[in-house]
Each structure stands twice: as structure tokens, then as C-alpha cells.
Amino acid sequence: MSSFSRGFRGRRRLEADPARVPPGQYVTGDFPVLSAGPTPRTPLDRWTFEVAGALDEPLRLSWDELQALPSETVSVDIHCVTGWSKLDTTWAGVSLDTLLDGVETAAEYALAFSDGGYTTNLPLDDLLGGKAWIAYAYDGEPLDPEHGGPARLLVPHLYFWKSAKWVRGLRLLEEDEPGFWEGFGYHNYGDPWKEQRYRGD
Amino acid sequence: MIELVEETARARSIVLDLPDWRGHRAGQHVDLRLTAEDGYQAQRSYSIASAPEDEHVVLTVERLDNGEVSPYLVDELRVGDRLELRGPVGGWFVWHAELGGPLLLLGGGSGVVPLRAMLRHHSAIESRVPLRLLYSVRTLDDVAYRDELAGLTGVEIRLTLTRSWPEGWRGYRRRIDRALLEEVAWPPAERPLVYVCGATGFVETAADLLVQLGYDPDRIRTERFGPTGG
């Protein structure tokens, strides 16, 4: 393989702090949309969030019950496996620590599931400790359906496919189980700083 | 890189000789990485335009005016240059014979690229699955693979030009809308397998309309080109 591409200079994006941009990523000001199928549109009065699987009493929250939980506003950097990163994005929602407070489980993994059939898997530890939210607002506005509204999972320390759009619940699992993209050859964990894009990375 | 083919004024196909290529499925893409002399790197994804049966892997790249990578690929790259790429990538937006049909392919602009791989695969395996392509593009000059599409038999190709059209143009003359889809798509009862690829606006519009018209969301597969994809 050649060590460089003849004649290619590139356009450095000097405004971005390189310490905040993982390897192989570029910073964008836009908010690109990626999804595998049509955008689902579930009316809020039929919307629920479920926590099921390896726990004694499954949890089920209505939209109003989710809204009634203490919310947090966070500013985070997000990194998509297709190469773009977006810095300082502002979200509001409910921390998974709040949502799962009091839940007793032997599970070490979670499979998030969404309207439209999308799933993604992650270790339960990655959802706890102030690292993950059920986000329902972006930049002070209700989250747009194209970007996963009414609510999406937000797990910014992993590639953004882990931040399941249109999320409707979590299945807590004692054994790990690959989600949608993980089953199609994407990395099981997806740490952008280790460039874990595809299986084997 | 062994050959360049001008597809339109803004797009060209890059023909690659990849000795270690392990094959791909129609609809997959590759990650392409460019490295400047000082070590700076830029990486983007490009859809494969060729069928698995084709002798060489072909990418078709459209120049995005504010892009970082696509202007280099469309304007600078020369035959004999080497490219660093990884793939094939993606296992969802693919079509192969076992998935059946009928097949409805909806392409907006350069979103036609992975659909062209499906068309070529369909033809290479002599598939009898009914296939329709609706290709939405600004002007006739922006139509990629024009001669190839005109020469295809056994499949139905419909063009819609959204910005201007030549005198006597007999195809559609508007952006994709409900009436256009009702006319082009098989009825929902035939449960077509639908692939939609293009810019986000095109994909959102087409997929939303299909769901409203009663098509099964589970049989609609989408792939989008972000505005920063270049």
C-alpha cells in the first residue's frame, strides 16, 4: 500500500481540538441522518419504555412518567462510525442511572430495542455511571423523528449506532447478544478511540 | 486504479484492480482512506457500483463542491494511482437472489450507485424477479449510466427529472411524491422489497410515503448520503 495519496492535501479542520476527535473521524457542523429503514412515528399516548429480561419486576414507563423523572442536560461529543464527529451537542433526557435506580439484576449486558425493529447491544456497565441517557430533547427542542425522536438512547462514549434511535426499552441479559449492526459485521463494542468499527478491529 | 469513466460532468467511476478482494454483495460499500504527504488522513464511505460478477470493483463518486475527498477523487486521481480501502462493508442494504422481490429500487441522485450494483447483479444471475427502478435526478445530463440503463432489458427503468428537461421529454418531471409512487410502485399487496438510496430529504420523503401508502416498513431498506459525505 502506498504511504500517501499523490496530490492529496486535505482540508484541515483547525477549529477542532484534535484531542476531542478520535482517529479516522472528521468534524462536521451538520447533523447527518443514518438509519436502515423508514422513520417510525409512534404517538406519545401509545409510547412506553420497558425494562425487561433478567430482573424480578419488569419496568414499564409511559411518556408522561418518563417526563416526570428528573432530567439532565448534557453537552457531549458524538462519533458516527461512518466518519463524522459532532462536538458540543446538547441533549436533555433521563439518565439511565435514574431510570434503573433500584433495579436488581444479575445481567451484565443490555439489548436496546426500538420502534422499527432496530436493536443494539452493550455491557450494562456502559449504561451506568453517568454515561448514558434516554434523550428526548436536542438543542432545547423536542427530538426530531429523523434524529430518533420522540426519544433515543444516548451513549456518546461509543460509536453512535449504539445510541439507538426511537428506543422503546432495554432487555437485560446475562449473556451478550449481538444487535442489528453488530450482526452485520460491525464491532460488538464500538469504542471510537480504539477505532472499533468492524468485527475484528 | 486502472481506469476512469466519466459518468456525468460531476461524477466519475473509478475502476479498481484489487488482487486480494474477497468479493462483495450488491449494495455494499467500501471505506476509502486518503493520506496526505504530511500524514493527514481523511476517510469516507463510497458505494460499490459494480456487481459481484464484474471483473473489477468499481466506485462511482460524485463531486460535492465543499467536499474534502470527493473533489480529489473526481478531479485529481489518475490512472495508476493507488488507493487505500477497506471492505466490503454493510450487510443490510444488499440484494441477492434469496431475498426475492418484486424489487423496487428508488434512487435519488448519486443514490443510484448501489442500486446499479443490484441491477447488474440481477442481470448477471439472469434473475426473473420483477425489478423497477425509479431514478430521480436534476437534469438529463446528471443521469449516470445513461446508455447502460437505456440498454437494459427485462427490467423497468423510470426517470424523473426534477429541475429541467429536454424538449419532448416523456418521463416524469417532478420530485418524488405520493402520486408518482402510486404510479410506479407495485401495489402493497404484492409486498415489494424496496431499496431507497439518496440524500436524507429524498429518503425520508420516499420512505414516509411508502409507509403511508401501506407498504410494510420491514420490507423497506434505506441508505442515506449525508450532506457531509464528501
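As a reminder, the structure under discussion sits directly above these lines.
A brief look at the structure comes next. (Residues numbered from 1 in each chain as written. Chains lettered and ligands numbered in written order. Predicted model: local features only at pLDDT ≥ 70, side-chain atom pairs only at ≥ 80, totals over all residues.)

**Re the environment of Glu190 of chain B**
Part 1 of the reasoning: Position of Glu190 of chain B among the secondary structure elements: in the loop between helix H4 (178–184) and strand E10 (193–199).
Part 2 of the reasoning: In sequence terms Glu190 of chain B and Asp142 of chain B are 48 residues apart; their C-alpha atoms lie 32 Å from each other. (Helix = DSSP H or I, 4+ residues; strand = E, 2+ residues; numbered from the N terminus.)

**Focus on the nonpolar core**
Part 1 of the reasoning: Leu105, Tyr195, Val196 and Ala206 of chain B are the most contacted members of the largest nonpolar core, which totals 64 residues.
Part 2 of the reasoning: When we break this core down by domain, the ones giving at least three residues each are domain 1 (3–89) and domain 2 (97–225) of chain B.
Part 3 of the reasoning: Within the second largest apolar cluster, 39 residues are counted, among which are Val81, Tyr138, Leu154 and Leu172 of chain A. (Core = buried A, V, L, I, M, F, W, Y, C linked by C-beta atoms within 7 Å. Buried ≥ 20, exposed ≤ 12 C-beta atoms within 10 Å, placed from the backbone. Domains from an automatic or database assignment.)

**Examining the sheet that holds strand E6 (residues 84–89) of chain B**
Residue and element names in this part refer to chain B.
Part 1 of the reasoning: One open sheet accounts for three strands, arranged E4-E3-E6; its pairing is antiparallel. In this open sheet, the two strands that pair with only one neighbour each are strand E4 (41–47) and E6. Neighbour-to-neighbour, the strand axes of the sheet open up by a mean angle of 20°, direction not taken into account.
Part 2 of the reasoning: The pairing of strand E3 (residues 29–35) with E4 spans seven bridges and is antiparallel. Opposite Thr35, over in E4, you have Gln41 as the bridge partner. (Pairing = 2+ DSSP bridges. Axes fitted to C-alpha atoms, helices over the stretch in contact; angles between N-to-C directions.)

**A short note on the interface of chain B and chain A**
Part 1 of the reasoning: Taken together, the 34 residues of chain B in the interface contact 33 residues of chain A.
Part 2 of the reasoning: For the side of chain B that touches chain A, the secondary structure elements donating two or more residues are E3, E4, helix H1 (70–76), E6, helix H5 (200–212) and strand E11 (220–225) of chain B.
Part 3 of the reasoning: The element that contributes the greatest number of residues to the side of chain B that touches chain A is H5 of chain B, accounting for six residues.
Part 4 of the reasoning: For the side of chain B that touches chain A, the residue count by class is 13 nonpolar, nine polar and 12 charged. (Contact = placed C-beta atoms within 7 Å. Nonpolar A, V, L, I, M, F, W, Y, C, P; charged D, E, K, R; others polar.)

**So, the sheet that holds E10 of chain B**
All names here are of chain B.
Part 1 of the reasoning: Pairing within the open sheet is parallel, and its five strands lie in the order E9-E8-E7-E10-E11. Every other strand in the sheet has two partners, leaving strand E9 (156–161) and E11 as the edge strands with one partner each. Between one strand axis and the next, the sheet turns by 10° as a mean value, whatever way the strands run.
Part 2 of the reasoning: With six bridges connecting them, E10 and E11 associate as parallel partners. The residue bridging Cys197 from the neighbouring strand is Glu223, located in E11.
Part 3 of the reasoning: H5 rests against strand E7 (103–108), strand E8 (131–137), E10 and E11 of the sheet, and its axis sits at about 150° to E10.

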